[in-house]
Amino acid sequence: MFKALVMEQNAEGLAEAQLKEIGEDQLPEGDVTVAVEYSTVNYKDGLCLSAKGGGLVRKYPHVPGIDFAGTVETSEDARYKPGDKVVLTGWRVGEIHWGGYAQKARVKGDWLVPLPEGLSTKQAMAVGTAGFTAMLAVMALEDHGLKPGQGPVLVTGAAGGVGSVATAILANLGYEVAGVTGRPDTEDYLKSLGAARIVAREELNETTKRPLEAETWAGCVDAVGGEMLARVLGQLKYGASVGAVGLAGGAALPATVIPFLLRGVNLLGIDSVMQPYDNRVRAWKRIASDLPMDKLEAMIRPARLEDLPQLGADILKGQVQGRVVVDVNG
Ligand SMILES: NC(=O)c1ccc[n+]([C@@H]2O[C@H](COP(=O)([O-])OP(=O)(O)OC[C@H]3O[C@@H](n4cnc5c(N)ncnc54)[C@H](OP(=O)(O)O)[C@@H]3O)[C@@H](O)[C@H]2O)c1
């Protein structure tokens with residue numbers, strides 16, 4: 001028997017989380033069973049922990065947790081053997097498949113990545129989907145020509161998970177990072193991660209009729225979307241790119257095509273869920289080499305399985321700073 005946070009529907013059809021002892025025979029089908037050590041809380045986890053599953057969970061009972069890291073216990077996949085350290089993000093685990101909010105998980109070997117050298121399972125979950133996606137966005141910006149010295153790089157939703165990791169990676173690579181936040185009290189935190197300056201959310205989340213503003217940003221990692229992404233497009237320098245990662249501020253994009261036509265800017269879509277294996281391995285290697293571990297430690301808020309319902313609600317309100325690391329055995 002092992003501990004799991006199980007979501008079950010009540011008589012009104014609303015899902016509620018309960019910490020339960022369940023047996024291995026209840027785990028879903030899969031070819032690798034992992035003894036989970038750590039999981040985390042991403043925005044999407046907040047949705048999966050909510051009463052209606054955020055439209056992502058299809059079936060109950062359900063174990064959420066879109067990320068986990070741990071040790072292989074049994075494997076029918078030739079690439080993995082008992083004792084191997086592994087990390088999982090994406091593939092809709094925690095949404096339509098049972099996820100990491102349990103002491104054991106069973107998944108397809110195809111979905112796993114060997115734990116990158118130089119990272120512990122705890123550090124891998126401090127990174128999690130949020131940090132992995134931040135790295136994918138930085139790689140996409142670099143692939144489109146971004147280099148240090150071209151001007152400030154904007155990070156929106158800077159004090160959140162994606163934003164915190166993006167800030168620390170970019171600053172470590174030598175970029176001048178400007179972090180957009182709606183929480184002025186996070187200024188010291190963001191500066192400690194390497195942000196050179198803070199931009200107040202109000203400066204960027206109001207619409208403007210002008211499709212082009214002063215050329216300001218050499219690049220942007222955007223976790224917010226909505227009005228803010230539309231404003232950023234009109235403020236990018238000639239030929240610069242924005243990696244569109246998230247929709248914490250809205251899914252609409254009230255923009256014009258003018259910045260594309262007159263400034264040749266690029267809107268790069270960033271998806272972490274279905275990312276091919278080779279690029280996953282590349283991103284995890286870059287995380288191990290380019291994300292300073294002391295900065296990562298400074299982002300961590302420790303938690304246990306029983307804290308998850310509250311943390312899920314908090315992240316949906318934009319109230320979680322940095323990265324939660326859940327010790328599922330704690
Ligand atoms: N594309 C992918 O594969 C992928 C992967 C991971 C995450 N995501 C998406 O990326 C986004 C961020 O995820 P996360 O895990 O980093 O969440 P998070 O920790 O909650 O960070 C989001 C941040 O956005 C800011 N924010 C929240 N509400 C806002 C609003 N109404 N207007 C402007 N800013 C707002 C807040 O930062 P401040 O307090 O600093 O303003 C908040 O901390 C989510 O939309 C998530 O779904 C996408």
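What you see is a predicted model; the values in this text were computed from it and never measured. Along each chain, numbering runs from 1 in the same order as the chain's sequence is written. This being a predicted model, a pLDDT of at least 70 is required before a residue's local features are given, and a value of 80 or more before pairs of side-chain atoms are given or counted; all residues contribute to the totals for chains, interfaces and linings. Side-chain measures here rest on the full set of heavy atoms in the structure, leaving out hydrogens and waters.

### Some details on the pairing of strand β10 (residues 195-200)
Bridge analysis of strand β9 (residues 177-181) against β10 gives five bridges, and the strand direction is parallel. Bridging from a neighbouring strand, Ala178 pairs with Arg197 of β10. Consider the strands pointing away from the viewer: the crossover is right-handed when the path from the first strand over the helix to the second runs clockwise. In this text, helices come from DSSP runs of H or I with a minimum length of four residues, and strands from runs of E with a minimum of two, each type numbered from the N-terminal end. On the question of chirality, the crossover connecting β9 to the parallel β10 by way of helix α4 (residues 187-193) is right-handed. In short, DSSP must find at least two bridges between two strands for them to pair.

### A closer look at the nonpolar core
Formed by 50 residues in total, the largest nonpolar core has its most connected members in Val87, Leu170, Val221, Trp284, Ile287, Leu291 and Met299. Of all the secondary-structure elements, those providing two or more residues to this core are α2 (121-143), β8 (153-155), α3 (161-172), α4, β11 (217-222), α7 (277-290) and α8 (293-299). Among the elements that line this core, the one with the most residues is α2, at 14 residues. Residue ranges assigned to the domains are those given by an automatic or database domain assignment. Both domain 1 (2-115 + 299-327) and domain 2 (128-269) contribute no fewer than three residues apiece to this core. Contacts of Val221, omitting those with residues within four sequence positions, involve Ala137, Val138, Leu141, Leu154, Val155, Thr156, Val162, Ala166, Leu170, Gly243 and Val245. The nonpolar core is taken to be a set of buried Ala, Val, Leu, Ile, Met, Phe, Trp, Tyr and Cys residues, with the residues joined through side-chain atoms within 4.5 Å. Here's how the labels work: a residue is buried when its accessible area is under 20% of the maximum for its type, exposed when over 50%, partly exposed in between, all with a 1.4 Å probe on protein chains only. If you look at the next biggest cluster of nonpolar residues, it comprises 37 residues, including Leu5, Val32, Leu311 and Val326. Residue contacts follow a heavy-atom distance rule, with two residues in contact if any of their heavy atoms lie within 4.5 Å.

### Here we look at the sheet that holds β8
Spatial strand order, β10-β9-β8-β11-β12-β13: six strands in an open sheet with parallel pairing. At either margin of the open sheet sits one strand with a lone partner, and together these are β10 and β13 (266-269). Pairs of neighbouring strands in the sheet enclose a mean axial angle of 20°, with direction left out of account. Strand contacts of α2: β11, β12 (236-244) and β13, with the helix running at about 150° to β11, the strand carrying the most contacts. Every axis in this analysis is a line fitted to C-alpha atoms, fitted for helices over the stretch in contact. Angles between the N-to-C directions lie between 0 and 180 degrees. Lying on the sheet, α3 is in contact with β8, β9, β10 and β11; it crosses β8 at an angle near 155°.

### What about the packing of aromatic side chains?
Pairing of aromatic rings covers Phe, Tyr and the six-membered ring of Trp, with a centre-to-centre limit of 6.5 Å; geometry is then stacked below 30 degrees between planes, edge-to-face above 60, and tilted otherwise. This structure, assessed with the given rule, holds one aromatic pair. Ring centres 5.6 Å apart and planes at 20° place the aromatic pair Phe132 and Trp284 in the stacked group. Of this pair, Phe132 sits in helix α2 while Trp284 is found in helix α7, placing the two residues 152 residues apart along the sequence. With respect to burial, Phe132 and Trp284 carry one shared label: buried.

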